[in-house]
Amino acid sequence: MALLITHKCTNCDMCLPECPNEAISIGDEIYVIDPILCTECVGHYDTPTCQKVCPITNCIKPDPDHQETEEQLWERFVMIHHSDKLEG
C-alpha cells in the first residue's frame, strides 16, 4: 500500500530527497505522498526510506485508502523505472 504523511509533519525536508520514486512533494500545509508513485521503496530498499529518516514517530503511516499487495508494488516499480524495456 502507499504511505501517507500525517499532520504530525513539521516540513523538516528529511523525506523529500530520500524518495527514489519522487512520490513526495510539498502540499498545501505539509508534505504529501502521491499514491500513484509510492511503492514503499519496493525495488530500491528493504524498508520505506521516508519512514526511516523521518524524525517524528508515526508521522508516515500506511494509507488505508490505498492498500496494495507487494506484487502490485513491484508492478508499479517496473512501470515507473523500467517501462521503456517492456514489450508493447
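Within every chain, residues take consecutive numbers counted from 1 along the sequence as written. Under the rules for a predicted model, residues below a pLDDT of 70 receive no local features and side-chain atom pairs below 80 are neither given nor counted, while totals for whole chains, interfaces and linings still include all residues. With hydrogens and water stripped out, all remaining heavy atoms of the structure feed into the side-chain values.

Caption draft 1: Geometry of the overall build of the protein. Strands here mean DSSP runs of E at least two residues long; helices mean DSSP runs of H or I at least four residues long; both are numbered from the N terminus. Looking only at helices and strands, one finds two helices and four strands in the protein. Only the C-alpha atoms count toward the radius of gyration. The rule for a globule is 2.2 Å times the residue count to the power 0.38. Over its C-alpha trace the protein gives a radius of gyration of 13 Å, about what one expects of a compact globule, namely 12 Å for 88 residues. When the backbone C-alpha atoms are referred to their principal axes, the protein occupies close to 45 × 25 × 25 Å. Relative accessibility decides the category of a residue: with a 1.4 Å probe and only protein chains considered, values under 20% of the type maximum give buried, values over 50% give exposed, and everything between is partly exposed. Across the 88 residues that make up the protein, the buried fraction comes to 31%. Working rule for contacts: check all heavy atoms of both residues, and any pair within 4.5 Å makes them a contact. In the protein, 65% of the contacts between residues at least 6 apart in sequence involve partners at least 24 apart. With the model as given, the accessible surface of the protein reaches about 5,800 Å², and the carbon-plus-sulfur share is 51%. For the protein, the distance from the average position of its 5 positive side-chain charges to the average position of its 16 negative side-chain charges is 7 Å. Here, Shrake-Rupley sampling with a 1.4 Å probe gives the accessible areas, and only protein chains in the shown set may cover a residue. This count recognises Lys and Arg as positive and Asp and Glu as negative, with His and chain-terminal groups excluded. Taken as the charge centre is NZ of Lys, CZ of Arg, CG of Asp or CD of Glu, depending on the residue.

Caption draft 2: Spotlight on the confidence of the model for the protein. When pLDDT is averaged along the protein, the result is 94, and 97% of the positions lie at 70 or above. Each residue gets a pLDDT score, which is the predictor's confidence in that residue and runs from 0 to 100. Mean pLDDT in the protein bottoms out at helix 2 (residues 70-82), which sits at 94, and peaks at strand 3 (residues 31-33), which reaches 98.

Caption draft 3: A look at helix 2. Take the residue count of a helix, subtract one, and multiply by 1.5 Å to get its expected span. Between its first and last C-alpha atoms helix 2 spans 17 Å; for 13 residues at 1.5 Å apiece the expected length is 18 Å, and the two agree. Looking at helix 2, one finds that the buried residues are Leu73, Arg76 and Phe77. In an axial view of helix 2, the angular spread of the buried residues amounts to 105 degrees, which keeps them on one side of the axis. Starting at the helix axis, one direction is taken to each C-beta atom, and the arc is that of these directions.

Caption draft 4: Spatial organisation of the nonpolar core. In this description, a nonpolar core means a group of buried Ala, Val, Leu, Ile, Met, Phe, Trp, Tyr and Cys residues linked to one another through side-chain atoms lying within 4.5 Å. With 16 residues, the main nonpolar core has Ile5, Cys15, Ile24, Ile33, Cys50 and Ile60 as its most contacted residues. For this core, the elements supplying multiple residues, two or more each, are strand 1 (3-5) and strand 3. Apart from residues no more than four positions distant in its own chain, Ile24 is found in contact with Ile5, Cys15, Leu16, Cys19, Tyr31, Val32, Ile33 and Cys50.

Caption draft 5: Here's a closer look at the environment of Glu75. Mapping Glu75 onto the fold places it in helix 2. With 32 residues separating them along the chain, Glu75 and Gly43 place their C-alpha atoms 9.8 Å apart.

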